[in-house]
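A structural walkthrough
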Amino acid sequence: MTITEETAEDLPPGTTPYYARIHRWIKRAVLVCLVALVVEGAFTLPFMAIYYGYPTLSLTEICSELLKVRYSDDTLECKYPYPPLGPPEGAEGKDTAQDQWGIQPIPKYHRIGFRELVRIHDERIARQAQQAGH
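This one's a predicted model, so the numbers in the text were calculated from it and none came from an experiment.

On to the packing of aromatic side chains. Applying the stated rule across the entire model yields three aromatic pairs. Taking the centre distance of 4.9 Å and the plane angle of 90 degrees together, the rings of Tyr18 and Tyr19 count as edge-to-face. Under the relative-accessibility criterion, Tyr18 is labelled exposed at 71%. A relative accessible area of 44% places Tyr19 in the partly exposed class. Clustering of aromatic rings is evident, with ring pairs tying together Tyr51, Tyr52 and Phe114.

This is how it looks when you write it as structure tokens:
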């Protein structure tokens, strides 16, 4: 038995000895990318939650405020837990969105700044309390 025959038997199915090295490097690169994606995903949500105002607003309130801003409708609320057979996310508010639709949609809502949802939420609560008082 030659050396190439022994290594060919040890290789995964479908890999020839000629391509074994490149397959090994592709496998390593894919694993590194997957680990990077998992780490990125694990750190994205906490930082975004803090950016939008997590200690003051709960995650459900942040979700509701984002829906209200995105679809220009103060009645939209995030449902938790979401009903198993409910409509797709955003299907309720898509008729009220002020976006300009086309090949490249242009959103008509302003960009949310650091902890700006807290201010928007407080203003909405004050407005609703004022309307209820009259």
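We now examine the pattern of salt bridges. Inspection of every chain in the model, using the stated rule, returns six salt bridges. Here Arg127 and Asp74 are joined by a salt bridge, their closest N and O atoms 3.7 Å apart. You can see Arg127 sitting in helix α4 (residues 116–133) and its partner Asp74 sitting in the loop between α3 (59–71) and α4, a full 53 residues away along the chain. With relative accessibility at 38%, the residue Asp74 sits in the partly exposed group. The network of salt bridges with common partners includes Glu65, Asp74, Arg124 and Arg127.

With that out of the way, let us pick up the packing of α3 against α4. The geometry of α3 relative to α4 is characterised by a closest axis approach of 10 Å and an angle of 80 degrees between their N-to-C directions. Between α3 and α4, the crossing angle belongs to the class labelled roughly perpendicular. For the pair α3 and α4, the contacting residues are Glu61, Ile62, Glu65, Leu66, Lys68 and Val69 in the first and Leu117, Ile120, His121 and Arg124 in the second.

Let's shift gears to the UniProt feature "transmembrane region" (unreviewed entry) in the chain. The UniProt entry lists residues 29–54 under the feature "transmembrane region" (unreviewed entry), expressed in the numbering used here. Helix makes up 92% of residues 29–54 and strand 0%, with an end-to-end C-alpha separation of 35 Å.

Turning next to helix α2 (residues 20–52). For α2, which comprises 33 residues, the first-to-last C-alpha distance of 48 Å matches the rise-based estimate of 48 Å (1.5 Å per residue) to within 8%. Taken together, the buried positions of α2 are Ala20, Ala49 and Tyr52. The secondary structure elements touched by the buried residues of α2 are α3 and α4.

Looking at the element boundaries, Leu59 is found in helix α3. A sequence separation of 19 residues divides Leu59 from Cys78, and the C-alpha atoms of the two residues are 9.6 Å apart. Sequence-distant contacts of Leu59, defined by excluding residues within four places in its chain, comprise Ala49 and Tyr54.

Within this structure, the stated rule accounts for one disulfide. A sulfur-sulfur distance of 1.8 Å marks the disulfide that ties Cys63 to Cys78. Measuring the twist about the S-S bond at about -70 degrees, one finds the Cys63-Cys78 disulfide to be left-handed. One end of the pair, Cys63, is in helix α3; the other, Cys78, is in the loop between α3 and α4, and 15 residues separate them in sequence. Note on Cys63: relative accessible area 34%, which makes it partly exposed.

All right, on to the confidence of the model for the chain then. Per-residue confidence for the chain gives a mean pLDDT of 86, with 93% of residues at or over 70. The spread of mean pLDDT over the elements of the chain runs between helix α1 (residues 3–10), the lowest at 60, and α2, the highest at 93.

Parameters and conventions
Residues take numbers from 1 onward in each chain, read along the sequence in its written order. Totals for whole chains, interfaces and linings use every residue, but because this is a predicted model, local features are given only for residues with pLDDT of at least 70 and side-chain atom pairs only at 80 or more, for both listing and counting. The side-chain numbers reported here are obtained from all heavy atoms of the structure, hydrogens and water having been left aside. Between rings of Phe, Tyr and Trp, where Trp is taken as its six-membered ring, a pair exists when centres lie within 6.5 Å; planes separated by under 30 degrees are stacked, by over 60 edge-to-face, and by other angles tilted. A 1.4 Å probe rolled over the protein chains alone gives each residue an accessible area, and that area as a share of the maximum for its type sets the label: buried under 20%, exposed over 50%, partly exposed in between. In the sections that follow, a salt bridge refers to a side-chain nitrogen of Lys or Arg positioned within 4 Å of a carboxyl oxygen of Asp or Glu. Helix and strand definitions follow DSSP, with helices as H or I runs of at least four residues and strands as E runs of at least two, each counted in order from the N terminus. Where helices are involved, their axes are fitted lines through C-alpha atoms of the stretch in contact, as for all axes, and angles between N-to-C directions lie from 0 to 180°. Here is the rule for angles: anything less than 35 degrees is roughly parallel, anything more than 145 is roughly antiparallel, 65 through 115 is roughly perpendicular, and the remaining ranges are oblique. In what follows, a contact means two residues having at least one pair of non-hydrogen atoms within 4.5 Å. UniProt positions are given in the numbering used here, feature names are shortened, and annotations may be inferred rather than shown by experiment. Between the first and last residue of a helix there are one fewer steps than residues, each counted as 1.5 Å, and that sum is the expected span. Pairs of cysteine sulfur atoms within 2.5 Å are identified as disulfides in what follows. The predictor attaches a confidence to each residue, and that confidence, scored 0 to 100, is pLDDT.

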